[in-house]
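Take a look at the letters that make up each chain.
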Amino acid sequence: MPTRILPAGADPDAVRSLVTLLSQLPDAEPQPPATDSTQLVDTLARLAAESVDELPEVVVVHERVGPVPALELIREVALRFPAVGVILVTTDASPGLFAAAMDSGARGLVALPLSYEELAGRVQAVAQWSTGVRRHLGHGADVFAGAGGTVVTVSGAKGGTGATLTAVQLALAAQASGRATVLVDLDLQTGDIASYLDIQFRRSVVDLAAITDISPRVLADAVFRHDTGLALLLAPGEGERGEEVTDRAARQLAGALRSRYEVVVVDCGSQIGAAGAAAVEMADTALLVTTPDVIAVRAAKRTVRMWDRLQIRKAEETTVVVNRHSRNTEIQPALVQRITGAAVARTSVPANFKELQGVVDAGRLHELDSRSTVRQALWALAGELGLAKAAEGASHRGGGRSRGDRGPVGLRRRKE
């Protein structure tokens, strides 16, 4: 049986040389190369969606792959496609890099310039390992075979716009629809999800920051299971510890959660640090919550432009949610869209704090009355995003649209 090998690298000459040498290996079947990290992950996800048996036995990652660094890419592939063996091709064959590559989930390392004997031996060993893993698991019965769960980040244009409220209700809606859902608090210094749900906890996202291999058991120990069935991964009680969660840790965490849950909702707060920026970049959908007032809309515009400048997220790939909307306000969603240059969700959240005050003060946000117009709108937003079925009686802006109608909301799989 031929060994399917998928190479990945951004340097055309280096990839061409790699493919030429791979073609000379006995029983090797090189696949069309992936030119960057996004294309590699998308290709593997597409193949896994058909069948685990369609996945290549070996993936060869060149050190200059980009835009995601090679070791982070290897970690994501190892987490999402555990029966695929990954080989790193690099000019640095030092023991330090070798150890780092193994910690990231690589099954081997080949030094540049390429040697036929070394490459052949490593490919053969990794292919045998991959075949053995699939045989042991019953041809992938226990291997995660989907394209990965959906990651949605919720950020506030400024403090007090309702990002946490939105994140909590989106997660509750997804969980109520029967989808395994985890809600993550990445507002690392001022996260309030625990207060909104009135829970006491010991573990937080910080406990996973220094772990290089987040196993299912380790993840289960850090996650708090709420009475609603919702899984929670909370911000640290000591805000200064939030600095321990780096962008690298956030990427690893997102990959681990994506492989275990159908829906991952991340509350990033209004101050985006390195960890929040990594989450926004990796997200399938990035929501930015604003209120229909001049200060908040200007803040939303600044945030959209900043994400674009820093190549975190393109403006057209960001979805703005208008909270506390009223037909009497001068700033309407259409104007918000023109000002920010981002897509605006069709579902706006009405201004009705009286419905919220009791459950917010009691820390029982999950008990918000189903007849509440705020809850109906947020659950309708979950339906619009494909996270849950659209709620009955939900309010959409634009009276001519039906409640169950869905439109484009700036969804994407990965950052291009």
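Remember, it's a predicted structure, so these values are computed and weren't measured experimentally.

Asks: Mind laying out the overall build of the chain, listing which residues take part and the relevant values?
Replies: For the chain, the helix and strand inventory stands at 14 helices and 13 strands. Counting across all 416 residues of the chain, residues that qualify as buried make up 53%. Taking all contacts inside the chain whose residues are at least 6 apart in sequence as the whole, residues at least 24 apart take part in 75%. Counting every atom, the chain has about 17900 Å² of accessible surface; 48% of that belongs to carbon and sulfur.

Asks: Please give an account of the pairing of strand β3 (residues 58-62) that cites residues and values.
Replies: Extensive coverage of β3 is indicated by the burial of five of its five residues. Relative to β3, strand β1 (residues 3-8) runs parallel, the two sharing four bridges. Residue pairing in the sheet places L6 in a bridge with V59 of β3. Strand direction decides the pairing type here: β3 and strand β4 (residues 85-90), joined by five bridges, are parallel.

Asks: How would you summarise the pairing of strand β6 (residues 150-156) if you had to cite specific residues and measurements?
Replies: Two faces, one strand: in a regular strand the side chains alternate between the faces of the sheet. Here β6 lies mainly inside the structure; six of its seven residues are buried. In terms of strand pairing, β6 meets strand β10 (residues 263-269) through six bridges, oriented parallel. Considered in β10, the bridge of T153 is made with V266. Inspection of the sheet shows β6 paired to strand β11 (residues 285-290) by five bridges, in the parallel sense. Residue pairing for β11: G156 is matched across the bridge by V289.

Asks: Lay out the side chain of S259 in plain terms, naming residues and giving numbers.
Replies: With respect to the helices and strands, S259 occurs in the loop between α9 (247-258) and β10. Of the polar contacts made by the side chain of S259, one reaches the backbone oxygen of A256; its length is 2.8 Å.

Asks: Can you tell me about the sheet that holds strand β2 (residues 28-30), naming the residues and giving the values?
Replies: Strand pairing in a sheet relies on backbone hydrogen bonds, with the paired strands running either antiparallel or parallel. With parallel pairing, five strands are arranged side by side in an open sheet as β2-β1-β3-β4-β5. Bordering the open sheet on either side are β2 and β5 (108-111), each of which pairs with just one other strand. Looking at each pair of strands side by side, their axes are set apart by 25° on average, direction ignored. Where β4 and β5 come together, four bridges link them in parallel fashion. For V89, the partnering residue across the bridge sits in β5 and is V110.

Asks: Could you give an account of the side chain of E72, with specific residues and numbers?
Replies: Mapped onto the fold, E72 is located in helix α3 (residues 70-80). With sequence-adjacent residues up to four places away left out, E72 is seen in contact with R248 and R251.

Asks: Give me the lowdown on the sheet that holds strand β12 (residues 318-322), citing residues and values where you can.
Replies: Judged by pairing direction, the sheet is mixed, and its eight strands sit side by side in the order β8-β9-β7-β10-β6-β11-β12-β13 without closing on themselves. The two strands at the open ends of the sheet, each matched to only one other strand, are β8 (224-225) and β13 (343-344). Its contacts with the sheet put helix α11 (residues 294-309) on β6, β11 and β12, and the angle it makes with β11 is roughly 155°.

Asks: Explain the packing of aromatic side chains to me, using residue names and the numbers behind them.
Replies: Taken as a whole and assessed by the stated rule, the structure comprises zero aromatic pairs. Cation over ring: R375 sits above W379, and NZ or CZ is 3.6 Å from the ring centre.

Asks: Summarise the packing of α9 against helix α10 (residues 274-282); cite the residues concerned and give the values.
Replies: For the pair α9 and α10, the least separation of the axes is 7 Å and the interaxial angle reads 40°. Regarding the angle of α9 to α10, the classification is oblique. Taken as a pair, α9 and α10 cross one another with a handedness that is right-handed. Together, D247, A250, R251, A254, G255 and R258 of α9 and A274, A275, A278, E281 and M282 of α10 make up the contact between the two elements.

Asks: Lay out the environment of T161 in plain terms, naming residues and giving numbers.
Replies: Relative to the helices and strands, T161 is located in the loop between β6 and α6 (163-176). With 160 residues separating them along the chain, T161 and V321 place their C-alpha atoms 9.9 Å apart. Sequence-distant contacts of T161, defined by excluding residues within four places in its chain, comprise G156, V289, T290, T291, A296, N323 and R324. For T161, the side chain forms a polar contact with the main-chain oxygen of V289, separated by 3.2 Å.

Asks: Help me get a handle on unusual backbone geometry, residues and values and all.
Replies: G66 connects to P67 through a cis peptide bond whose omega is -10°. Position of P67 among the secondary structure elements: in the loop between β3 and α3. In this structure, the amide linkage connecting L112 to the following residue, P113, adopts the cis form with an omega of 0°. Within the secondary structure, P113 is located in the loop between β5 and α5 (116-136). Phi angles above zero are rare outside glycine, and R324 is one such case at about 60°. With respect to the helices and strands, the residue R324 is situated in the loop between β12 and α12 (333-340).

Asks: For the confidence of the model for the chain, give the residues involved together with the corresponding values.
Replies: If pLDDT is low for a region, its predicted coordinates should not be looked at in detail. On average, the chain scores 86 in pLDDT, and the residues at 70 or more come to 90%. This stretch, residues 391-416, has a pLDDT under 50; its non-local contacts, to residues over four places away or in other chains, come to 74 contacts.

Asks: Can you tell me about the pattern of salt bridges, naming the residues and giving the values?
Replies: Enumeration over the complete set of coordinates arrives at 11 salt bridges. R251 is the partner of E72 in a salt bridge, and the nearest nitrogen-oxygen pair spans 3.0 Å. Within this pair, whereas E72 is found in helix α3, its partner R251 is found in helix α9, the two being separated by 179 residues in sequence. Judged by its relative accessible area of 15%, E72 falls in the buried class. Here R371 makes a salt bridge to D369, at a shortest N to O gap of 2.9 Å. Of the residues examined, R371 reaches a relative accessible area of 67% and is grouped as exposed. One salt-bridge network, in which partners are shared between bridges, spans E72, R251 and E281.

Reading guide: rules and limits
- Residues numbered from 1 in each chain as written.
- Predicted model: local features only at pLDDT ≥ 70, side-chain atom pairs only at ≥ 80, totals over all residues.
- Heavy atoms only, no water.
- Helix = DSSP H or I, 4+ residues; strand = E, 2+ residues; numbered from the N terminus.
- Buried < 20%, exposed > 50% of the residue type's maximum accessible area, 1.4 Å probe, protein only.
- Contact = heavy atoms within 4.5 Å.
- Areas by Shrake-Rupley, 256 points an atom, 1.4 Å probe, with all protein chains shown as cover.
- Pairing = 2+ DSSP bridges.
- Polar contact = N/O pair within 3.5 Å; in protein donor to acceptor, adjacent residues only side chain to side chain.
- Axes fitted to C-alpha atoms, helices over the stretch in contact; angles between N-to-C directions.
- Phe/Tyr/Trp six-rings, centres within 6.5 Å; stacked < 30°, edge-to-face > 60°.
- Lys NZ or Arg CZ within 6 Å of the ring centre and 35° of its normal.
- Parallel < 35°, antiparallel > 145°, perpendicular 65-115°, else oblique.
- Left-handed = near helix turned anticlockwise from the far one by under 90°.
- pLDDT = per-residue confidence, 0-100.
- Salt bridge = Lys/Arg side-chain N within 4 Å of Asp/Glu carboxyl O.

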